[in-house]
Protein chains: 2
Amino acid sequence: MRIVIIGGVAAGAKAAAKAKRVDPALEIIVFQDESEVAYSACGLPYAIGGTIKDPNRLVIRKPEAFAKDGIQVLTGRRAVALDTAGREVTVRHLDDRREAVVAYDRLIIATGALPIVPQVEGVGLDGVLTLRKFGDLARFASVLDRLRPKRAVIVGAGYIGMELAEAFHGLNIETAIVEKFPRILPKFDPEMAGLVHERLAERKVELVLGDGLSGLEGANGRVGAVVTESGRTLPADLVVLAIGVRPNVELAQAAGLALGKTGAIAVDARMETNVPGIFAAGDCAETVDRVSGQPVWLPLGDIANLQGRVAGENAAGGDARFPGVFGTAIFKTFDLNVAMTGLSEQSARAHGFDPISVLMKRGDRARYYPGGLELNLKLIADRRDGRLLGAQVIGEGKADKMIDIAATALLGNLTCRDLENADLAYSPPFSPVLSPMIMAAGALSSRLAGVAD
Amino acid sequence: MRIVIIGGVAAGAKAAAKAKRVDPALEIIVFQDESEVAYSACGLPYAIGGTIKDPNRLVIRKPEAFAKDGIQVLTGRRAVALDTAGREVTVRHLDDRREAVVAYDRLIIATGALPIVPQVEGVGLDGVLTLRKFGDLARFASVLDRLRPKRAVIVGAGYIGMELAEAFHGLNIETAIVEKFPRILPKFDPEMAGLVHERLAERKVELVLGDGLSGLEGANGRVGAVVTESGRTLPADLVVLAIGVRPNVELAQAAGLALGKTGAIAVDARMETNVPGIFAAGDCAETVDRVSGQPVWLPLGDIANLQGRVAGENAAGGDARFPGVFGTAIFKTFDLNVAMTGLSEQSARAHGFDPISVLMKRGDRARYYPGGLELNLKLIADRRDGRLLGAQVIGEGKADKMIDIAATALLGNLTCRDLENADLAYSPPFSPVLSPMIMAAGALSSRLAGVAD
């Protein structure tokens, strides 16, 4: 019995390990088109900024370590064709381009996502980069070393763009961010995104919003400026294309596997595709939003790990379920911790809920205890039944704790009335006597009950 | 319509504020037998250790601030008798011992808890202290200043005892803890409590366990040693009696109010006693443990605030509910964060559950990201249905975050299968890719499913 896994970064690596533990007798082969497997893509911005001194620390597990567990990891090989009827994958060796056909009993597709590279003039210039794969780090290192950039333009105000803006600031590279959408962080409600906008502006990050990338100018093969759709020219000796990613589904699509509404591979709760015995997990797979019930594509490392675990267990003969996501996400930019879970007020309304919300600014410790930091917490519930719909937390304080409480509350399908009497941990070094989350839930409950908070 | 509130520290102060907001037309009088109201008792150990430089910062709100909101706060007055039929409280002015009879329409009893002071020889000696009330800080300051203690004995290995041990360490006072129970932290399972025991031992805190206080010796009115029941003599020029507290229910009991099994005042979910119109909240009131369903007495500041809010709203004519507690608690000792929620494995068994548990040691950030700290996490579920029963977290890392996730999971009545697919916030500065809580829940789920984790 052989399981073949295509892709070995997060979902693929996790699936391989889990399948082998569930059934040690299985033959497991992982094909990976990069030189490394099992690395942390989310850590890449921190390796560029120097927070992580040794980029090799991002590699969690080497192929040899997998081999010791009886898992064959074959790097530098890309799956180029899939025959679902014959249960065979054609794999191309990227060094010599020779192809081999490999049979499988069960297949796990974990091909991840690819950075969107706009086909504008100049994308091939030296100094124009994307950041997605481990190998991109060497390209960044080379550009930083050779070109000694003084001014960067990041195209796209997503998480990675903002993490990189902080990294560049630390490297004394002046930075502008170009974003086609009229504001940053469209998944956050405007007043929350505004807090991040302000912080970026304070730290002298130039924000060019509502304006897309039109082209790249350069001289002697080296990038010199970004030209925007509105016609602005932004000088830049380093350009990062961080517009976003798209699910890497070409192989699956060509093989006739069904894609979902979002364009990612459709799977059921067992992470199985429409072809029995073929699973998909991680950034190439679609999932479901547990608040709205709608299909969603959420290419994040932790979700990839969770899905990989489920796909691995099921490919090995188990019966695990992945119930979907709440869209929980967090990132850090310029000492601001920015987190969300569930729906924003805007998206709640768009999904037919009747949201009410509260926004509070609170410290994350007892006021008199030193070291406390501020949090802005927005909590959203449905007016009709008080059911929690989402939360957004932004501040220098413990946003991760707040958002994990909210994400767990969503998991429990709790109402604001439930949460206002949560029994959370209090002691002055850790929290105000009533957690900001309890205060926010209490304010929503009082509003629903028509009493003063 | 007049609401009288007896006691104004946590529950009483909160109840007064909430009642006034709910109905600004109410007359509200708070009687308090100390000079301050609305202070943080939980902050007291940190004022002694010097973490909080100005003890007055522990006072959240002065009587004058309450007065501005139309709430009368009368300090230095103790309620000494209660006539529930006539709806009158007799209040004694502690300065001149004159008494006055005050009528009420609704009454909130928030008399808190009192430190247990064993009636052994020498408890009146100079240098023998308890720490419970704001006024105790001045006594501590005086003793530290006059007696310049070099060696302290803390009687009782509870949270306050251990917080004080850390404070004394910072003041270069050698410390021993005497505890009648054979180990510290009986509410924690032994292997978890052992981690704290080790840390205290490392920091040269002498632990005298399974041995009670027999008496105190002194000379010239000043304490010199603690004598234990086994006959040991421990030299001490400072002794803190931190054996525990008992609910302050004398007034209520004398007035015929029903007490619960735990000895605290019995209340319903509206925080109302057996006498309609009389509420009790905070450390004097009993509540219910939401995991076991049993009555429980949990004298903690955050619970007092939650209960005060409910009692205040209801006394003002509202209809709020306090659903009970999960026994969540946290404290810090010698850089170790020590937290629990729900039942321990031991207590789960005692309550008729069939607990299984997992204990994991994990970092609280991605391994490669600097600044991560360690956590020991024990997660407990019921073998029969996977329902989560409790968690304990001990370590230098973010124990507060982990325990709040667990406490919210208990609130949602989640199983380990639910929690293993929680969508928690991941980014390298904040968490490992899969939260320790997810890893622990996954391990329990796998065990229940009979598959390898």
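Bear in mind that the values here come from a model prediction, so they are computed numbers and not experimental data. Along each chain, residue indices are assigned from 1 in the same order as the chain's sequence is written. Working convention: letters from A go to chains and numbers from 1 go to ligands, in the order in which they are written. In keeping with the predicted nature of the model, local features appear solely for residues at pLDDT of at least 70, side-chain atom pairs appear and are counted solely at 80 or more, and the whole-chain, interface and lining totals rest on all residues.

**A few points about the overall build of chain A**
Thinking step 1. Counting from the N terminus, the helices are DSSP H or I runs at least four residues long and the strands are E runs at least two residues long. Tallying secondary structure elements over chain A gives 12 helices and 25 strands in all.
Thinking step 2. As a reference, a globule follows 2.2 Å times the number of residues to the power 0.38, and the radius of gyration itself is taken over C-alpha atoms. The globule rule puts the C-alpha radius of gyration for 453 residues at 22 Å, and the 23 Å found for chain A is close to it.
Thinking step 3. Taken along its principal axes, the extent of the C-alpha atoms in chain A is 70 × 55 × 40 Å.
Thinking step 4. Scored against the burial criterion, the 453 residues of chain A give a buried share of 56%.
Thinking step 5. Think of it this way: build a C-beta for each residue from its backbone, and any pair within 7 Å is a contact. Within chain A, contacts between residues separated by at least 24 positions form 64% of all contacts whose residues are at least 6 apart in sequence. Each residue is classed by its C-beta neighbour count within 10 Å, where at least 20 other C-beta atoms makes it buried, 12 or fewer makes it exposed, and intermediate counts make it partly exposed; the C-beta atoms are placed from backbone geometry.

**A few points about the pairing of strand β7 (residues 106-109) of chain B**
Residues and elements named next belong to chain B.
Thinking step 1. Residue alternation in β7 divides its side chains into two sets, Arg106 and Ile108 and Leu107 and Ile109, and both sets are buried.
Thinking step 2. A pair of strands is considered paired only if DSSP assigns at least 2 bridges between the two. Sheet analysis places β7 next to strand β18 (residues 278-280), joined by 3 bridges and oriented parallel. For Ile109, the partnering residue across the bridge sits in β18 and is Ala280.

**A few points about the sheet that holds strand β13 (residues 213-219) of chain A**
All names here are of chain A.
Thinking step 1. Ordered by their spatial adjacency, 3 strands build an open sheet running β13-β14-β15, and the pairing between neighbours is antiparallel. Only two strands of the sheet have a single partner each, and these edge strands are β13 and β15 (233-235). Averaged over all pairs of adjacent strands, the angle between their axes in this sheet comes to 30 degrees, without regard to strand direction.
Thinking step 2. Relative to strand β14 (residues 222-228), β13 is paired through 6 bridges, and the arrangement is antiparallel. Counted as the bridge partner of Leu213 is Thr228 from β14. Whenever a helix is involved, its axis is fitted only over the stretch in contact; in every case the axis is a line through C-alpha atoms, and angles between N-to-C directions fall within 0 to 180 degrees.

**Quick word on the relation of the copies chain B and chain A**
Thinking step 1. For the pair chain B and chain A, the relating rotation is 180 degrees, the translation along its axis is 0.0 Å, and the fit reaches an RMSD of 0.0 Å. Viewed as a symmetry operation, the transformation between the two copies matches a two-fold axis.
Thinking step 2. A high fraction, 100%, of the interface residues of chain B reappear at the interface in chain A, so the copies pair face to face through one surface. Here the copies are matched by least squares. The fit uses the C-alpha atoms of residues with pLDDT of at least 70 in both.

**Focus on the domain arrangement of chain A**
Thinking step 1. For the domains described, the bounds stem from an automatic or database domain assignment. As far as domains go, chain A holds domain 1 (2-38 + 57-114 + 246-315), domain 2 (117-243) and domain 3 (335-449).
Thinking step 2. Distance between the C-alpha centres of domain 1 of chain A and domain 3 of chain A: 36 Å.

**Regarding the interface of chain B and chain A**
Accessible area lost upon the coming together of the parts is a frequently used measure of interface size.
Thinking step 1. Taken together, the contacts link 62 residues of chain B with 62 residues of chain A.
Thinking step 2. Residue contributions to the side of chain B that touches chain A peak at 9 residues, all from helix α10 (residues 399-411) of chain B.
Thinking step 3. By residue class, the composition of the side of chain B that touches chain A is 36 nonpolar, 14 polar and 12 charged. Only Asp, Glu, Lys and Arg are considered charged, only Ala, Val, Leu, Ile, Met, Phe, Trp, Tyr, Cys and Pro nonpolar, and every remaining residue, Gly among them, polar.

**Structural notes on the packing of helix α1 (residues 11-22) of chain A against helix α8 (residues 301-315) of chain A**
Residues and elements named next belong to chain A.
Thinking step 1. With their axes 7 Å apart at the nearest point, α1 and α8 run at an angle of 35 degrees to one another. Crossing angle aside, the handedness with which α1 passes α8 is right-handed. Residues Ala11, Gly12, Lys14, Ala15, Ala16, Ala17, Lys18, Ala19 and Val22 of α1 lie in contact with α8, whose contacting residues are Ala304, Asn305, Gln307, Gly308, Arg309, Ala311, Gly312, Glu313 and Ala315.
Thinking step 2. Among the residues forming the contact of α1 with α8, the class breakdown is 9 nonpolar, 5 polar and 4 charged. Put simply, a crossing is left-handed when the front helix is turned counterclockwise from the back one by less than a right angle, and right-handed when it is turned clockwise.

**Topic: the confidence of the model for chain A**
Thinking step 1. pLDDT measures the predictor's confidence residue by residue and takes values from 0 up to 100. On average, residues of chain A score 97 in pLDDT, and 100% of them reach the 70 mark or higher.
Thinking step 2. Listed scores for the predicted complex are pTM 0.98 and ipTM 0.98.

**Notes on the sheet that holds strand β13 (residues 213-219) of chain B**
Residue and element names in this part refer to chain B.
Thinking step 1. Read from one edge to the other, the open sheet built from 3 strands follows the order β13-β14-β15, with strand pairing classed as antiparallel. Where the open sheet ends on each side, the last strands, each with one partner, are β13 and β15 (233-235). When strand polarity is set aside, the average angle formed by the axes of neighbouring strands in this sheet is 30 degrees.
Thinking step 2. One ladder, built from 3 bridges, connects strand β14 (residues 222-228) with β15; its direction is antiparallel. Following the sheet pairing, Ala225 is matched in β15 by Pro235.

**Here's the deal with helix α6 (residues 190-202) of chain A**
Thinking step 1. Expected helix span is given by 1.5 Å per residue-to-residue step, counting one fewer step than there are residues. Under the 1.5 Å per step criterion, the end-to-end length of α6(A) is 18 Å for 13 residues, consistent within 8% with the ideal 18 Å.
Thinking step 2. Among the structural elements, α5 (159-170), β12 (206-209), β21 (329-333), β22 (336-342), β24 (374-382) and β25 (388-395) of chain A are those in contact with the buried residues of α6(A).

**Let's talk about the environment of B:Arg139**
Thinking step 1. Topologically, B:Arg139 is positioned in helix α4 (residues 134-147).
Thinking step 2. Sequence separation between B:Arg139 and B:Gly127 is 12 residues; the distance between their C-alpha atoms is 9.0 Å.

**Describing the environment of A:Ala19**
Thinking step 1. Topologically, A:Ala19 is positioned in helix α1.
Thinking step 2. Non-local contacts of A:Ala19, meaning those with residues more than four positions away in its chain, are made with A:Ile3, A:Leu26, A:Ile28, A:Gly312, A:Glu313, A:Ala315 and A:Ala316.

**Considering helix α8 (residues 301-315) of chain B**
Thinking step 1. With 15 residues, α8(B) should cover 21 Å at 1.5 Å per step; its first-to-last C-alpha distance of 20 Å lies within 8% of that length.
Thinking step 2. Judged by how many residues are buried, α8(B) sits mostly within the fold: 15 of 15 residues are covered.

**Considering unusual backbone geometry**
Thinking step 1. With a phi angle near 65 degrees, A:Lys204 is a residue other than glycine that sits in the positive phi range.
Thinking step 2. Mapping A:Lys204 onto the fold places it in the loop between α6 and β12.
Thinking step 3. Given 10 C-beta atoms within a 10 Å radius, A:Lys204 is considered exposed.
Thinking step 4. The phi torsion at B:Leu185 lies on the positive side, around 50 degrees, for a residue other than glycine.
Thinking step 5. Tracing the sequence through the fold places B:Leu185 in the loop between β11 (174-179) and α6 (190-202).
Thinking step 6. The class of B:Leu185 is buried, set by 25 C-beta atoms lying within 10 Å.

**Comments concerning the environment of A:Gln72**
Thinking step 1. Note that A:Gln72 resides in strand β3 (residues 71-75).
Thinking step 2. Along the chain, A:Gln72 and A:Ser35 lie 37 residues apart, while their C-alpha atoms are 14 Å from each other.

**Re the pairing of strand β4 (residues 77-83) of chain A**
All names here are of chain A.
Thinking step 1. Judged from the 6 bridges that link them, β4 and strand β5 (residues 88-93) form a sheet pairing that is antiparallel. By the bridge assignment, Asp83 is partnered in β5 with Glu88.
Thinking step 2. As consecutive antiparallel partners, β4 and β5 are separated by 4 residues, and within that stretch Arg87 has a phi angle of approximately 55 degrees, a positive value.

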